[in-house]
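# A structural walkthrough
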Amino acid sequence: MKHQYKNMTIIVKNDYDNMGKKAARILAAQVTIKPNSILGLATGSTPEGMYKKLVKMYQKDEVDFSEVTTFNLDEYYPINASNKQSYAYYMQQHFFKYVNVKDEAINIPNSSMKDINLICENYEEKIRATGGIDLQILGIGNNGHIGFNEPDVHFESETHLVTLDEATIKANARFFDKSQNVPKLAISMGIRTIMQTKKIVLLASGANKAQIICDTITGVITPKVPASILQLHQDVVFILDKEAASKVMDRINH
Ligand code: PGA
């Protein structure tokens, strides 16, 4: 089901699988229409199904990534790309090793470098030089973060170093032996970086995302809920499974 709320499109799918398939079809359509698309990519458990479907589509010759350029939203800091918990490793395992995105067209903040300012400036500069991101995929944290833009008193604009929230460390502990091993820092695209992308597709699945999705779409725009800024984006689509959509649908329909 497709709903319109203010300028936002909300697509509700029956389950996680169908959420991922819908996102994959949108991304593949983007690449078909514009083969040299600039894609903004996300990690986490939510987009895994989307990547799986995209790999299948690629194997069936339904999509060709040979001309795309990709920019990932964020990366822990410091971390080496070979570390299994890095987002560089995640992207290889879930997507890049199966498809034909060129190695030199893959961009993920280089968290093995010491100079943080240089990492951030280079990243912004590289995005700008491409002409900007055509399609940005986002997940959302239980605390409303997009990328690693954590709840704050102001919106951080450009790519920057982030101190991760306790809530994020707790949520991501499942990927590590213990929560003490979750890095405390990360490099993330900023809110302006994200807001400047031409089209945004945000995915959310599961009952634990229902409240934050409702706050994001219908609540006040505040840096305390970083994703709420998306209410001001000119082309944003939320693809939700039924559980993640439950509260926002109740709010909109009453
Ligand atoms: P998740 O993370 O997909 O693993 O829930 C989303 C996020 O933190 O942005």
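Rules of the game
- Residues numbered from 1 in each chain as written.
- Predicted model: local features only at pLDDT ≥ 70, side-chain atom pairs only at ≥ 80, totals over all residues.
- Heavy atoms only, no water.
- Helix = DSSP H or I, 4+ residues; strand = E, 2+ residues; numbered from the N terminus.
- Rg over C-alpha atoms; globule rule 2.2 N^0.38 Å.
- Buried < 20%, exposed > 50% of the residue type's maximum accessible area, 1.4 Å probe, protein only.
- Contact = heavy atoms within 4.5 Å.
- Lys, Arg positive; Asp, Glu negative; His and termini not counted.
- Charge placed at Lys NZ, Arg CZ, Asp CG, Glu CD.
- Core = buried A, V, L, I, M, F, W, Y, C linked by side-chain atoms within 4.5 Å.
- Axes fitted to C-alpha atoms, helices over the stretch in contact; angles between N-to-C directions.
- Parallel < 35°, antiparallel > 145°, perpendicular 65-115°, else oblique.
- Nonpolar A, V, L, I, M, F, W, Y, C, P; charged D, E, K, R; others polar.
- Pairing = 2+ DSSP bridges.
- Right-handed = clockwise from strand over helix to strand, strands pointing away.

### A few points about the overall build of the protein
Regarding its fold elements, the protein presents eight helices and eleven strands. A globule of 254 residues ought to have a C-alpha radius of gyration of about 18 Å, and the protein, at 17 Å, matches this closely. Its C-alpha atoms give the protein principal-axis dimensions of about 50 × 45 × 35 Å. Scored against the burial criterion, the 254 residues of the protein give a buried share of 54%. For the protein, the share of sequence-separated contacts (at least 6 apart) that also reach a separation of at least 24 residues comes to 78%. Side-chain charges of the protein comprise 29 positive and 28 negative groups, with the mean position of each set lying 6 Å from the other.

### Focus on the nonpolar core
Inside soluble globular proteins, nonpolar side chains tend to come together where they are buried. Core analysis: the largest hydrophobic core is formed by 69 residues, its most contacted members being L54, F65, F95 and L230. When residues in this core are grouped by element, the largest group, seven residues, is from helix α1 (residues 16-33). Judged by nonpolar contacts, the second largest core, of eleven residues, contains Y87, F148, A173 and A186.

### Brief notes about the packing of helix α2 (residues 48-59) against helix α3 (residues 87-94)
In a packed pair of helices, the relevant descriptors are the angle between the two axes and the axis-to-axis distance. Two elements in contact, α2 and α3, have axes separated by 10 Å at closest approach and are oriented at 40 degrees. Classed by the angle they form, the pair α2 and α3 counts as oblique. Together, E48, Y51 and V55 of α2 and Y90, M91 and H94 of α3 make up the contact between the two elements. Split into classes, the residues belonging to the contact of α2 with α3 amount to four nonpolar, one polar and one charged.

### Quick look at the pairing of strand β3 (residues 38-41)
Alternating residues of β3 divide into I38 and G40 and L39 and L41, and every residue in both groups is buried. Bridging between β3 and strand β4 (residues 69-72) involves four bridges; their strand directions are parallel. Residue pairing across strands places G40 opposite F71, the latter belonging to β4. Of the crossover connections in this fold, the one passing from β3 over α2 to the parallel β4 is right-handed.

### Some thoughts on the environment of F155
Looking at the secondary structure, you find F155 in the loop between β7 (135-138) and β8 (160-163). In this structure, the C-alpha to C-alpha distance between F155 and I229, residues 74 residues apart in sequence, is 8.9 Å. Those residues in contact with F155, other than ones at most four positions away along the chain, are I191, I221, T222, P223, P226 and I229.

### Considerations on the sheet that holds β8
Judged by pairing direction, the sheet is antiparallel, and its three strands sit side by side in the order β5-β9-β8 without closing on themselves. Looking at which strands have only one partner, the edges of the open sheet turn out to be β5 (74-77) and β8. The mean angle between the axes of side-by-side strands here comes to 30 degrees, regardless of whether they run parallel or antiparallel. Direction of pairing for β8 relative to strand β9 (residues 185-188): antiparallel, over a ladder of four bridges. Looking at the pairing, T163 lines up with L185 of β9.

Remember that the coordinates give geometry; whether it matters functionally is a separate question.
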